[in-house]
Amino acid sequence: MHLEGLTLSFAVCILYQRQELFRTRTHLKSKIITQGRNGTVEPRFASRMGILRASDIREILKVTQNPEIISFAGGLPAPELFPASAIAERAAEVLASQGTVALQYSPTEGFFALRQIIAERMNTIWHTQLMPEEILVTTGSQQGLDLTGKLFLDEGDVVLCESPTYLGAIMAFNVFKPHWVEVATDDEGMEPEALEDALRTHERIKLIYTVPNFQNPTGRTWSDQRRERLVQLAAKYEVPVIEDNPYGEVCFEGTLPRAIQAMDSRGLVICLGTFSKIFCPGLRLGWVAANRRYLDKYVILKQAGDLHTSTVDQMIAASYMKTHDLENDIQHKRDVYRKRRDAMLSALEAEMPRGVSFTRPKGGLFLWVELPTSLDARQLLIRSLEQHVAFVPGEAFFPTSGRKNTLRLNYSNMPEARIIEGVRRLAVAVRKELEVGRPAQAPVSV
Ligand SMILES: Cc1ncc(COP(=O)(O)O)c(C=O)c1O
């Protein structure tokens, strides 16, 4: 199959078609158009819908459902590590012993026993000093981001973020039409001079958003000095900091990084946490940990949004954590992911041509690749899909100024042998792209 010269979406569509899912999609699409022709009134959506676009990434992820594709694209934890049978037992026990409570509406703030567990774990692991009353259970930390946007952002308000940053935060906040300012970021976090410069020069700054540990997408982790400086600057300019921390506990090397929230004496740091990467994402359990002056407002917004997170899921999770050793499960995940990261790093070192560089994360699920500046990762994706390998082009992770020669690779979702094979094929695609980009040789005169 030759996909060269096609647009990314079109190329992805061709692969999608091969999975026969395309037929259903076309059928649905034509049905909608026919209804329109029959005189249905065009829907009049809110103006914000004008700027919101479905991302290419969703199309890429559909392609990756094909088992032939080696996918480095998603951010999926390893499903074989989910404690499915233990959760089934806990679910049966919760329903048998407390079914009437588990299936009932419950407080917006969350199931108290789970809030206690979250506060205790955070205080033990991250050295915070949280009361259970300072925890709001959310439907994944993605809901924490959505509520954060609703709480702080009016159109045109400024969000400072790392460059690049988490795509899901860009999408969640963009609903509120903010003005993004990307702060120059290196391997230690946001550069303090650039951060202070942004704080000094921009008006209407509402948030500093950061993923300080094993960041999605780069795998980078902030140094302690940078964290301290961030807390000082946030206090000086009185700007709240969103510390989005899904990966901190997925740490392979050395000691755990320090929590920014634990360094803050002003109550300006709002932490978003989640069980998605340390337990299982399908339960959709996350939390906001914050000073009551913020938390009480988050509660009002959550009440308006979905009343509360699933009672039964919260009770199952709390029951699991009381009867099983979650820390042991996490250690196992670290061991498995460390080996997968090592496999990916060695394969990249062995296979990639000169001029390709990549991060070496000490935890988390992702690493970040920089190609020679002549290459465009979206074109490379088209070529690598020919080799049945998927990844996410890096451009999407920059809210203002995409760098086209970057890409994100995930290593958590696949055994080492497939990772090695996938990187080998990706390197073939990179070499071919370099060949195409090379200026034609001058004809040799005879
Ligand atoms: C940085 C970051 N924040 C938040 C989330 C959302 O996670 P969840 O809603 O599963 O808790 C993710 C998911 O990958 C993430 O990478």
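Residues numbered from 1 in each chain as written. Predicted model: local features only at pLDDT ≥ 70, side-chain atom pairs only at ≥ 80, totals over all residues.

Engineer: Whenever I open this one, the overall build of the protein confuses me. Can you help?
Structural biologist: Looking only at helices and strands, the protein features 15 helices and 15 strands. Counting across all 446 residues of the protein, residues that qualify as buried make up 44%. Of the contacts made within the protein by residues no fewer than 6 positions apart, 76% connect residues no fewer than 24 positions apart. (Helix = DSSP H or I, 4+ residues; strand = E, 2+ residues; numbered from the N terminus. Buried ≥ 20, exposed ≤ 12 C-beta atoms within 10 Å, placed from the backbone. Contact = placed C-beta atoms within 7 Å.)

Engineer: Would you mind going over the nonpolar core with me for this structure?
Structural biologist: Nonpolar side chains in soluble globular proteins tend to end up buried together. Core analysis: the largest hydrophobic core is formed by 112 residues, its most contacted members being Val288, Ala317, Met344, Ala390, Phe391 and Leu409. Two domains each donate at least three residues to this core, and these are domain 1 (8–28 + 45–81 + 329–436) and domain 2 (84–323). Once residues within four sequence positions are removed from consideration, alanine 317 is found in contact with Leu114, Phe275, Phe279, Leu283 and Leu285. (Core = buried A, V, L, I, M, F, W, Y, C linked by C-beta atoms within 7 Å. Domains from an automatic or database assignment.)

Engineer: Explanation requested: the sheet that holds strand β10 (residues 286–289) in the structure shown.
Structural biologist: Sheets are built from strands paired through backbone hydrogen bonds, the pairs being either parallel or antiparallel. One open sheet accounts for seven strands, arranged β2-β10-β9-β8-β7-β3-β4; its pairing is mixed. At either margin of the open sheet sits one strand with a lone partner, and together these are β2 (135–138) and β4 (179–183). Each adjacent strand pair in this sheet contributes to an overall mean axis angle of 20°, direction not counted. In this structure, strand β9 (residues 269–274) lies alongside β10, joined through four bridges in antiparallel fashion. Of the residues in β10, the one forming a bridge with glycine 273 is tryptophan 287. Against the sheet, helix α8 (residues 192–201) makes contact with β3 (158–162), β4 and β7 (205–210), and its axis sits at roughly 155° relative to β4, the strand it touches most. (Pairing = 2+ DSSP bridges. Axes fitted to C-alpha atoms, helices over the stretch in contact; angles between N-to-C directions.)

Engineer: Looking at this structure, I do not really get the site of the ligand. What am I missing?
Structural biologist: Of all residues adjacent to the ligand, which total 14 residues, the nearest are Gly140, Ser141, Gln142, Thr274 and Ser276. Counting residues per element, the shell around the ligand draws most heavily on helix α6 (residues 140–152), which supplies three residues. Each residue belonging to the shell around the ligand can be placed in one class, and the counts come to four nonpolar, nine polar and one charged. (Near = placed C-beta within 6 Å. Nonpolar A, V, L, I, M, F, W, Y, C, P; charged D, E, K, R; others polar.)

Engineer: Looking at this model, I keep getting lost on α8. Mind explaining?
Structural biologist: Note that an α-helix has 3.6 residues per turn; residues three or four places apart therefore point the same way. Listed as buried for α8 are Leu195, Ala198 and Leu199. Summarising the axial view, the buried residues of α8 lie within an arc of 100°, below the 170-degree limit, and thus occupy one face. Those residues of α8 that are exposed and aimed more than 90 degrees away from the buried face are Glu193, Arg200 and Thr201. Those residues of α8 that are buried are in contact with β3, β4, β6 (189–190), β7 and α9 (224–237). (Arc of directions from axis to C-beta.)

Engineer: How do you make sense of the sheet that holds strand β11 (residues 357–358) when you look at a structure like this?
Structural biologist: If you walk across this open sheet you meet the four strands as β11-β12-β15-β14, and the pairing is antiparallel. At either end of the open sheet lies a strand with only one pairing partner, and these are β11 and β14 (392–393). Relative to strand β15 (residues 406–410), strand β12 (residues 366–370) runs antiparallel, the two sharing five bridges. Counted as the bridge partner of glutamate 370 is threonine 406 from β15.

Engineer: How should I be thinking about the pairing of β12 in this particular structure?
Structural biologist: Along any regular strand, the residues point their side chains to alternate faces of the sheet. The element β12 is extensively covered by neighbouring structure, given that four of its five residues are classed as buried. Taken together, the two bridges between β11 and β12 define a ladder with antiparallel strand orientation. Within β12, the position partnered with phenylalanine 358 by the bridge is valine 369.

Engineer: Please explain unusual backbone geometry as it appears in this structure.
Structural biologist: Working note: non-glycine residues mostly have negative phi, and peptide bonds are mostly trans. Cis peptide bonds are those with omega within 30 degrees of zero, and the linkage from serine 163 to proline 164 qualifies with 0°. Following the sequence through the fold, proline 164 ends up in the loop between β3 and α7 (167–174). Of the consecutive residues asparagine 216 and proline 217, the connecting peptide bond is found in the cis state with omega at 20°. The phi torsion at lysine 177 lies on the positive side, around 55°, for a residue other than glycine.

Engineer: Looking at this model, I keep getting lost on the pairing of β3. Mind explaining?
Structural biologist: The element β3 is largely enclosed, with a buried count of four among its five residues. As defined by bridge partners, β3 adjoins β4 across five bridges and the pair is classed as parallel. Bridging from a neighbouring strand, valine 158 pairs with histidine 179 of β4. Read as a crossover between parallel neighbours, the route from β3 over α7 to β4 is right-handed. Bridge count for β3 against β7 is four bridges, and the pairing is parallel. If you follow valine 159 over to β7, its bridge partner there is leucine 207. (Right-handed = clockwise from strand over helix to strand, strands pointing away.)

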